[in-house]
Amino acid sequence: MSLRLFNTLSRMKETFVPLEAGRVRMYTCGPTIYNFAHIGNFRAYMFEDLLRRHLKYRGFQVTQVMNLTDVEDKLIRTCRQTGEALKSVTDRYAKAFFEDLDTLGIERAEVYPAATDHIPEMVELIKKLRGHGHTYEANGSIYFRLSSYAKYGQLSHMDMSQLQTGASGRVDTDEYDAEDARDFALWKAWDEEDGDVYWETELGKGRPGWHIECSAMSMKYLGESFDIHCGGVDNMFPHHENEIAQAECATGKTFVKYWLHNAHLVVDGKKMSKSLGNFYTLRDLLAKKIDPLAIRYLLIGTHYRQPSNFTFEALDAASQALRRIRDFRIRLAELRGTGEDLAGVCAACETAFAEAMDDDLNVSGALAAVFDFIRDVNKLLDEANVGADGAANALALLDRLNAVTGVLAPATEAAVPQDVLDRVMERQQARRNKDFARSDALRDQLLAEGWVIEDTASGPRVKRA
RNA sequence: GGCGGCAUAGCCAAGUGGUAAGGCGGAGGCCUGCAAAGCCUUUAUUCCCCGGUUCGAAUCCGGGUGCCGCCUCCA
């Protein structure tokens, strides 16, 4: 079975066939680095991480590009208000962004181009569009003339004549000098509010419009046509439509083959907002001592095109699920001797897992296969039929599937302190002496300190609570 | 006002025409000195509501209700 992905262009699942055999080039819309990213943002990056990991699992060589938007209206406003230099703000939040990616186990993309490092590329692209007659100038700014591109709206399937200007309430249309409010800026002429944020270019003194960076940088690193472009559903219109218009009007080629959009995250069934008190950055959750892998588990657990409901109850369930996985790995790692090689159950699990993932990244189905496997193997372990060889096969399988999901790794256990080990031994001695009052007291005491004691056939096992 | 998506158990969540995956939680049992872990049984006669199509609908169609997204720089 081959990988099928839901393409927004066709609104259908399509068999994935890359432009170049064995290789995937993908562009994923990245953050505006003017603040800490919130868990809704991370849902998008998590989905893209899952996609790249599965592509790699399926043997593709992946080149992923994620932009960092480091010049933009809000950013300039912030700098104006605080007096801090643009670069200083963006450096700080870029650093925080990468720390957060590491915390969540999100793999690094191959390239993270920043907009301000690619002004010449954007200027070149705008010049090309101007040469092809797709632009006009007004008060020093350069706009893209939408009416010059008949295919506009192909992605969002929007009927341009039905759009209500300013309906979102997000834009003060008076700010625009465009001939038609639907035209968008490619290059914005400098004005006083921009302060020292400007570039002197052939297009004049100013700064790029937001959409142009993605067209310019994606084509620079991935070519004029590439395989996959991802982003949140909110970016479908107008951002991605504009990217298509800019790229295809400049090159005359198809820009992107597969467009993938992730649905949003809600918290307790409601839109995340500061006024509702349900707005969380990753750092907010870490401050609550939440296991970042539980956040990863939760974010990954809902199919990317379904709205996901983030609740603390679900987060707790995710922690418990991780514990089950980790305990299972501990149990396997302790096995000695020889026995059942588990080849059959391993193969069945991997097939079911891969088929689910191939179906537009059905990660819920894939994880269900893993839990079926865990239950089946636990049963065999209870029957004492498995040895180190079978355990090695099972652990190797978990490692392979962990490379895709990132939630099947062993617990990172710090060494157990000697005084804890001493008391475990003391308890064991008390048990041999049938002094259960003493042994239970020691167990309670250790539990209160965060250590769980489990008595197994081969002796006591110590774990973090 | 226009366009699009979603609604499945206490919670999270698969399934999109053939009789409800999986995880968490709850209940009972096995194991255990007692626990924990693990295993077994159980927990939605039913998939937001009302109609319709069909031998058959959570799945298709129509109408509601609710939530979410977009309508010119929000993942």
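See above for the structure.
Basis of the calculations
Residues numbered from 1 in each chain as written. Chains lettered and ligands numbered in written order. Predicted model: local features only at pLDDT ≥ 70, side-chain atom pairs only at ≥ 80, totals over all residues. Heavy atoms only, no water. Helix = DSSP H or I, 4+ residues; strand = E, 2+ residues; numbered from the N terminus. Buried < 20%, exposed > 50% of the residue type's maximum accessible area, 1.4 Å probe, protein only. Contact = heavy atoms within 4.5 Å. Areas by Shrake-Rupley, 256 points an atom, 1.4 Å probe, with all protein chains shown as cover. Lys, Arg positive; Asp, Glu negative; His and termini not counted. Charge placed at Lys NZ, Arg CZ, Asp CG, Glu CD. Pairing = 2+ DSSP bridges. Axes fitted to C-alpha atoms, helices over the stretch in contact; angles between N-to-C directions. Salt bridge = Lys/Arg side-chain N within 4 Å of Asp/Glu carboxyl O. Core = buried A, V, L, I, M, F, W, Y, C linked by side-chain atoms within 4.5 Å. Domains from an automatic or database assignment. Parallel < 35°, antiparallel > 145°, perpendicular 65-115°, else oblique. Nonpolar A, V, L, I, M, F, W, Y, C, P; charged D, E, K, R; others polar. Phe/Tyr/Trp six-rings, centres within 6.5 Å; stacked < 30°, edge-to-face > 60°. Lys NZ or Arg CZ within 6 Å of the ring centre and 35° of its normal.

Glancing now at the overall build of chain A. Regarding its fold elements, chain A presents 14 helices and 16 strands. By principal-axis analysis of the C-alpha atoms, chain A measures approximately 90 × 50 × 35 Å. With 465 residues in all, chain A has 49% of them scored as buried. Restricting the contact set of chain A to residue pairs at least 6 apart, pairs at least 24 apart contribute 77%. Just so you have it, chain A exposes about 21,500 Å², and 49% of that area is on carbon and sulfur atoms. The average position of the 57 basic charges and that of the 70 acidic charges among the side chains of chain A differ by 4 Å.

Here we come to the sheet that holds strand β12 (residues 265–267). Read from one edge of the open sheet, three strands run β13-β12-β14, paired in mixed fashion. Sheet topology places β13 (270–271) and β14 (308–310) at the edges, where each strand pairs with a single neighbour. In this structure, β12 lies alongside β14, joined through three bridges in parallel fashion. Bridge assignment links valine 266 to a residue of β14, and that residue is asparagine 309. Each of β12 and β14 touches helix α1 (residues 39–57); the most contacted strand, β12, lies at about 145° to it.

Next up on the list: the pattern of salt bridges. Under the definition given, this model contains 41 salt bridges. Between aspartate 91 and lysine 87 there is a salt bridge whose closest N-O contact spans 3.4 Å. Of this pair, aspartate 91 and lysine 87 both sit in helix α3 (residues 86–103), separated by four residues, roughly a single helical turn. Residue classification places lysine 87 among the exposed residues on the basis of a relative accessible area of 55%. With its nearest N and O atoms 2.7 Å apart, the salt bridge here joins glutamate 334 to arginine 461. Within this pair, whereas glutamate 334 is found in the loop between α9 (312–333) and α10 (343–358), its partner arginine 461 is found in strand β16 (residues 459–464), the two being separated by 127 residues in sequence. Exposure remark for glutamate 334: the relative accessible area of 36% places this residue in the partly exposed category. Several salt bridges share partner residues, and in doing so they unite Asp49, Arg52, Arg53, Lys56, Glu107, Glu110 and Arg296 into one network.

Quick look at the pairing of strand β15 (residues 451–456) now. For β15 and β16, the ladder comprises six bridges, and the chain directions are antiparallel. When the sheet's bridge partners are listed, tryptophan 451 is paired in β16 with arginine 464. Hairpin geometry of β15 and β16 is characterised by an intervening segment of two residues between the two adjacent antiparallel strands.

Here the focus is the nonpolar core. Counting residues in hydrophobic clusters, the biggest one holds 128 residues, and the most contacted among them are Phe42, Leu55, Ile228 and Leu332. Looking at this core, the element that brings in the most residues is helix α11 (residues 363–382), giving 11 residues. Taken together, domain 1 (4–262) and domain 2 (270–405) each give at least three residues to this core, which thus spans both. Apart from residues lying up to four places away in sequence, phenylalanine 42 is in contact with Ala37, Phe97, Asp100, Leu101, Leu104, Ile106, Leu282 and Leu299. Of all hydrophobic cores here, the second largest spans five residues; its members include Val420, Val424, Leu446 and Ile453.

In the contact formed by α10 and α11, the axes pass within 7 Å of each other and the chain directions differ by 170°. Classified by the interaxial angle, the pair formed by α10 and α11 is roughly antiparallel. Within the contact between the two elements, α10 uses Val345, Cys346, Cys349, Ala352, Phe353, Ala356 and Met357 and α11 uses Val363, Gly365, Ala366, Ala369, Val370, Phe373, Asp376 and Val377. Looking at the contact of α10 with α11 residue by residue, the classes come out as 13 nonpolar, one polar and one charged.

So, about the packing of aromatic side chains. Working definition: an aromatic ring pair is given by the centre-to-centre distance plus the angle between the planes. Summed over all chains, the structure comprises 20 aromatic pairs. Considering the side-chain rings of phenylalanine 16 and tyrosine 258, the 5.1 Å spacing of their centres and the 50° angle between planes classify their relative orientation as tilted. With phenylalanine 16 in the loop between β2 (12–15) and β3 (23–28) and tyrosine 258 in strand β11 (residues 256–262), the pair connects residues that are 242 residues apart, well separated along the chain. Its relative accessible area of 2% is what places tyrosine 258 among the buried residues. Clustering of aromatic rings is evident, with ring pairs tying together Phe42, Tyr45, Phe97, Phe98 and Tyr112. Note that lysine 274 overlies the ring of phenylalanine 279, its terminal NZ or CZ placed 4.8 Å from the centroid. Sitting above the plane of the tyrosine 304 ring, arginine 305 keeps its charged end 5.9 Å from the centroid.

Next up on the list: the sheet that holds strand β5 (residues 135–138). Through backbone hydrogen bonds, the strands of a sheet pair up, either in parallel or in antiparallel fashion. Within the open sheet, the five strands sit side by side as β5-β6-β7-β9-β8. Their pairing is antiparallel. The open sheet has two edge strands with one neighbour each: β5 and β8 (199–201). For this sheet the average axis-to-axis angle between neighbouring strands, irrespective of direction, equals 35°. Relative to strand β9 (residues 204–208), β8 runs antiparallel, the two sharing three bridges. For glutamate 200, the partnering residue across the bridge sits in β9 and is lysine 205.

Before going further, it helps to spend a moment on the pairing of strand β7 (residues 184–189). Bridge count for strand β6 (residues 141–144) against β7 is three bridges, and the pairing is antiparallel. In the strand pairing of β7, phenylalanine 144 is matched with phenylalanine 184. Bridge count for β7 against β9 is three bridges, and the pairing is antiparallel. By the bridge assignment, lysine 188 is partnered in β9 with arginine 207.

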